[in-house]
Amino acid sequence: YARGRIIGDYRRVALYGIDFLAEQKKADLAALEDYAFSEEVVRLREEVHEQIAALADIKAMAHSYGYDISNHAMNAREAVQWTYFAFLAAVKEHDGAAMSMGSVSSFFDIFIERDMKRGMLTEEAAQELIDDFVIKLRLVRHLRPKAYNDIFAGDPTWVTESIGGMLDDGRHKITKTAYRMLHTLTNLGPSPEPNLT
């Protein structure tokens, strides 16, 4: 929605798992064999092939941290972690300062509420999950060219999360996790920004 803004749907890794996403991309690649040979089809085949390779890279990255993201998230902890891995992969691939999370608080809320009903998670633990998530977002570092750092001192990141809002039918999108996300500011304090005085 602004120049340089990247908004990926990082929830897909938690929803489907890497293996399912890769299989879908392989099916897309196979379907392209039915099209007549053209520059556009060749370019699209290359892009889909790169997407399949990127999914394998994300899986390998998560494995290096001790996680297997082959399958969809089974609980709130995995939903948050799998979503973070997808975002981290994008950060490692792009040097953009403004990479938005989109709207994940509502998504996380579904997993958190289910885990609470099952007795697997307390409110305190749910808040800690969101606090830890925000800490990770604050610590992420982009692989940036020197020219970027010459423009923006202090290696800033602008990771935005769209909290709340309204659906087309007028229902609000406020969840308990929207408040958990806001409460993180109380627990962690405001994000440290470079002081250029």
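Residues numbered from 1 in each chain as written. Predicted model: local features only at pLDDT ≥ 70, side-chain atom pairs only at ≥ 80, totals over all residues. Heavy atoms only, no water.

Chemist: Whenever I open this one, the overall build of the protein confuses me. Can you help?
Modeler: From N to C terminus, the protein includes 8 helices and 2 strands. Moving toward the C terminus, one meets the helices and strands of the protein in the order β-α-α-α-α-β-α-α-α-α. For the protein, the proportion of its 197 residues judged to be buried stands at 39%. Here the analysis covers contacts within the protein between residues at least 6 apart in sequence; of these, 71% occur between residues at least 24 apart. Carbon and sulfur atoms make up 55% of the accessible area of the protein, which totals about 12,100 Å². (Helix = DSSP H or I, 4+ residues; strand = E, 2+ residues; numbered from the N terminus. Buried < 20%, exposed > 50% of the residue type's maximum accessible area, 1.4 Å probe, protein only. Contact = heavy atoms within 4.5 Å. Areas by Shrake-Rupley, 256 points an atom, 1.4 Å probe, with all protein chains shown as cover.)

Chemist: Help me out: how do you make sense of the packing of aromatic side chains in this one?
Modeler: How two aromatic rings sit relative to each other is set out by the distance from centre to centre and by the angle between their planes. The full count for this structure, using the stated rule, is 9 aromatic pairs. Ring geometry for Tyr16 versus Phe20: centroids 5.4 Å apart, planes at 25 degrees, classification stacked. Judged by relative accessible area, which is 39%, Tyr16 ranks as partly exposed. The interplanar angle of 35 degrees and the centroid separation of 5.7 Å between the aromatic rings of Tyr65 and Phe85 together place this pair among those described as tilted. Placement of Tyr65 in the loop between α3 (39–64) and α4 (76–93) and of Phe85 in helix α4 is noted, with a sequence separation of 20 residues between them. Taken together through their ring pairs, the aromatic side chains of Tyr65, Tyr67, Trp82, Tyr84 and Phe85 make up a single cluster. Against the face of Phe107 rests Arg11, its NZ or CZ located 6.0 Å from the ring centre. When the ring centre of Tyr84 is taken as origin, the NZ or CZ atom of Lys136, which lies over that ring, is 5.4 Å away. (Phe/Tyr/Trp six-rings, centres within 6.5 Å; stacked < 30°, edge-to-face > 60°. Lys NZ or Arg CZ within 6 Å of the ring centre and 35° of its normal.)

Chemist: Which parts of the structure should I look at to understand the environment of Val104?
Modeler: Among the secondary structure elements, Val104 is positioned in the loop between β2 (99–100) and α5 (105–117). Between the alpha carbons of Val104 and Arg11 there is a distance of 7.3 Å; along the sequence they are 93 residues apart. Discounting residues that sit within four places of it in the chain, Val104 has contacts with Arg11, Thr83, Phe133, Glu161 and Met181.

Chemist: Can you help me understand a negative patch on the surface in this one?
Modeler: Taken together, the side chains of Glu46, Glu47, Glu50, Asp57 and Glu93 make up a negatively charged region of the molecular surface. Among the elements that line the negative patch, the one with the most residues is α3, at 4 residues. Locating Glu50 in the fold gives a position in helix α3. Of the residues examined, Glu50 reaches a relative accessible area of 54% and is grouped as exposed. (Patch = residues over 30% accessible without salt bridge, like charges linked within 9 Å, V, L, I, M, F, W, Y side chains within 5 Å. Salt bridge = Lys/Arg side-chain N within 4 Å of Asp/Glu carboxyl O. Lys, Arg positive; Asp, Glu negative; His and termini not counted. Charge placed at Lys NZ, Arg CZ, Asp CG, Glu CD.)

Chemist: Explain the nonpolar core to me, please; I cannot follow it from the model alone.
Modeler: One broad trend across soluble globular proteins is that nonpolar side chains are buried collectively. Ile69, Phe87, Phe108 and Phe133 are the most contacted members of the largest nonpolar core, which totals 41 residues. Put simply, the parts of the chain that give this core at least two residues each are α1 (11–16), α2 (18–31), α3, α4, α5 and α6 (123–139). Not counting chain neighbours up to four residues away, the residues in contact with Phe87 comprise Tyr10, Met99, Ser100, Met101, Leu137, Val140 and Val159. (Core = buried A, V, L, I, M, F, W, Y, C linked by side-chain atoms within 4.5 Å.)

Chemist: Help me understand α3, please; the structure alone is not making it clear to me.
Modeler: An α-helical turn contains 3.6 residues, so any two residues separated by three or four positions project in the same direction. For α3, which comprises 26 residues, the first-to-last C-alpha distance of 37 Å matches the rise-based estimate of 38 Å (1.5 Å per residue) to within 8%. Where α3 is concerned, the buried positions are Val41, Val48, Ile52, Leu55, Ile58, Met61 and Ala62. Looking one or two places after α3, you find Gly66, whose phi comes out positive at around 90 degrees. (Expected span 1.5 Å × (residues − 1).)

Chemist: For this particular structure, what's the right way to read α5?
Modeler: Relative to the 18 Å expected for 13 residues at 1.5 Å per residue, α5 spans 18 Å between its end C-alpha atoms, a close match to the ideal helical length. What α5 keeps buried is the set Ser105, Ser106, Phe107, Phe108, Asp109, Phe111, Ile112, Glu113 and Asp115. Packing partners of the buried residues in α5 comprise α1, α4, α6 and α8 (176–188). Looking at the residues trailing α5, positive phi occurs at Gly119, about 75 degrees.

Chemist: Mind showing me how you'd approach the packing of α5 against α8 here?
Modeler: Two measures define how a pair of helices packs: the angle their axes make with one another and the distance between the axes. α8 packs onto α5 with a crossing angle of 110 degrees between their chain directions and a minimal axis gap of 8 Å. When the axis of α5 is compared with that of α8, the two are roughly perpendicular. In this structure, α5 contributes Ser105, Phe108, Asp109, Ile112, Glu113 and Met116 to the contact, and α8 contributes Lys176, Thr177, Ala178, Arg180 and Met181. Classifying every residue of the contact of α5 with α8 by side-chain character gives 5 nonpolar, 2 polar and 4 charged. (Axes fitted to C-alpha atoms, helices over the stretch in contact; angles between N-to-C directions. Parallel < 35°, antiparallel > 145°, perpendicular 65-115°, else oblique. Nonpolar A, V, L, I, M, F, W, Y, C, P; charged D, E, K, R; others polar.)

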